[in-house]
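So the chains spell out like this:
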Amino acid sequence: MNEPDLNLLLALDTFLAEGSVAGAARRLGLSASAMSRTLSRLRAATGDPLLVRAGRHMVLTPYAEAIRERARNAALEARALLSPSTAELSLSTLTCEFIIRANDGFIEAFAPSLIAAAAAEAPGVQLCFTSKPEKGPRHLREGLVDLEIGVMGEMGPEIRLQALFRDRFVGVVRAGHPLAGFSEITVEQYLAYGHVVASRRIRSTHGSVDEALEKRGLSRKIAAVVPGFPASLKVAQGSDLIALVPSSFLLNQPVREGEGDTARLAMFELPVNTSPIVVSQMWHPRSEADLAHRWLRKLVLSVCRTLVP
């Protein structure tokens, strides 16, 4: 019985990820002719053309699309099996890079403390934060990031999850705004001004605040939509609009509650009840037992629960 050439597994993963012979050749450091021969062997092994021409470009076949995730996971597991394993983790000598995917609000609020805590325990570790324009499990499944932080969406049954803290939305206005001197405001006061909303999708601005207002037969005037919470605070700071942000995002912001300081922003509790926000860290099962990854998850949990008890 002829055994399959397992060297083809890594080549298959690269072909499916790059979608072209030239791209796979660059990634593996081989010539285009060598990669073409490898593609021929893969076609013979799988019984499928894998890559076919569509106009001027090459596209994956339906079978190639169907096995892309399996090939990625198999390649990652193979690399993990053939990598050195250590029974103990030495943080003082640990040298590695962790990629953490989170929204801009979390990065601005928590990254400084996370970086300082990591440097104190493992000075050779580099934390790389990347933005999160959309939710989904692809980055974790394909091994593009080590950790994802945010509100859990449709992540798939295999993704591991740990709650970090519970958050809530608050209102924010510029210092000097007519509402800035109030520790509590009424619904009427809240609705007397326009609002700036942070949303990844322009036409999807309806949230928990709007649902709570609708129960009272009320609605707010959304005057502006911006792509993230940092932008919404900038707009509020330069206008009379009210911004809606998670309270944790204000950890490193110049915000005051009431009178007596020179902060540029003021916050207040919303006059309607909204559902709490559960912020979690998520990772792929392939990293579950990795000692360095375990340390990272413990560090993130400790820092988050220190800043947001």
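Here the structure is a predicted model, which means the values were calculated and not measured.

## Some points on the environment of L191
Item 1. Positionally, L191 belongs in helix α7 (residues 187-191).
Item 2. The exposure class assigned to L191 is partly exposed, which follows from its relative accessible area of 24%.
Item 3. In this structure the C-alpha to C-alpha distance between L191 and I242, which are 51 residues apart in sequence, comes to 9.5 Å.
Item 4. When near neighbours in sequence (up to four residues on either side) are disregarded, L191 contacts L213, L218, S219 and R220.

## Focus: the packing of aromatic side chains
Item 1. Tallied over the full model, the rule gives five aromatic pairs.
Item 2. Between F98 and W295, the ring centres sit 6.4 Å apart and the planes meet at 40°, which makes this aromatic pair tilted. One end of the pair, F98, is in strand β3 (residues 96-101); the other, W295, is in helix α10 (residues 291-307), and 197 residues separate them in sequence.
Item 3. Aromatic side chains Y190 and F268 sit 6.3 Å apart centroid to centroid with 80° between the ring planes, which places their arrangement in the edge-to-face category. Taken together, the residues span a long stretch of sequence, with Y190 in helix α7 and F268 in strand β12 (residues 265-268) at a distance of 78 residues. Grouping residues by exposure puts Y190 and F268 together as buried.
Item 4. Here a set of aromatic residues connected by ring pairs shows up, and it is made of F106, F110 and F165.
Item 5. The ring of W283 has R297 sitting right over it, with the charged end atom 4.3 Å from the ring centre.

## With respect to the pattern of salt bridges
Item 1. Enumeration according to the criterion identifies 13 salt bridges in this entry.
Item 2. E269 is the salt-bridge partner of R168, the closest N and O atoms lying 2.5 Å from each other. Of the two residues, R168 sits in the loop between β6 (160-167) and β7 (169-174) while E269 sits in the loop between β12 and β13 (277-283), which places them 101 residues apart along the sequence.
Item 3. Under the relative-accessibility criterion, E269 is labelled partly exposed at 32%.
Item 4. For D240, the salt bridge goes to R174, with nearest N and O atoms at 2.7 Å. Here D240, found in the loop between α9 (229-237) and β10 (242-246), pairs with R174, found in strand β7; they are 66 residues apart in sequence, far enough to count as distant.

The rules behind these values
- Residues numbered from 1 in each chain as written.
- Predicted model: local features only at pLDDT ≥ 70, side-chain atom pairs only at ≥ 80, totals over all residues.
- Heavy atoms only, no water.
- Helix = DSSP H or I, 4+ residues; strand = E, 2+ residues; numbered from the N terminus.
- Buried < 20%, exposed > 50% of the residue type's maximum accessible area, 1.4 Å probe, protein only.
- Contact = heavy atoms within 4.5 Å.
- Phe/Tyr/Trp six-rings, centres within 6.5 Å; stacked < 30°, edge-to-face > 60°.
- Lys NZ or Arg CZ within 6 Å of the ring centre and 35° of its normal.
- Salt bridge = Lys/Arg side-chain N within 4 Å of Asp/Glu carboxyl O.

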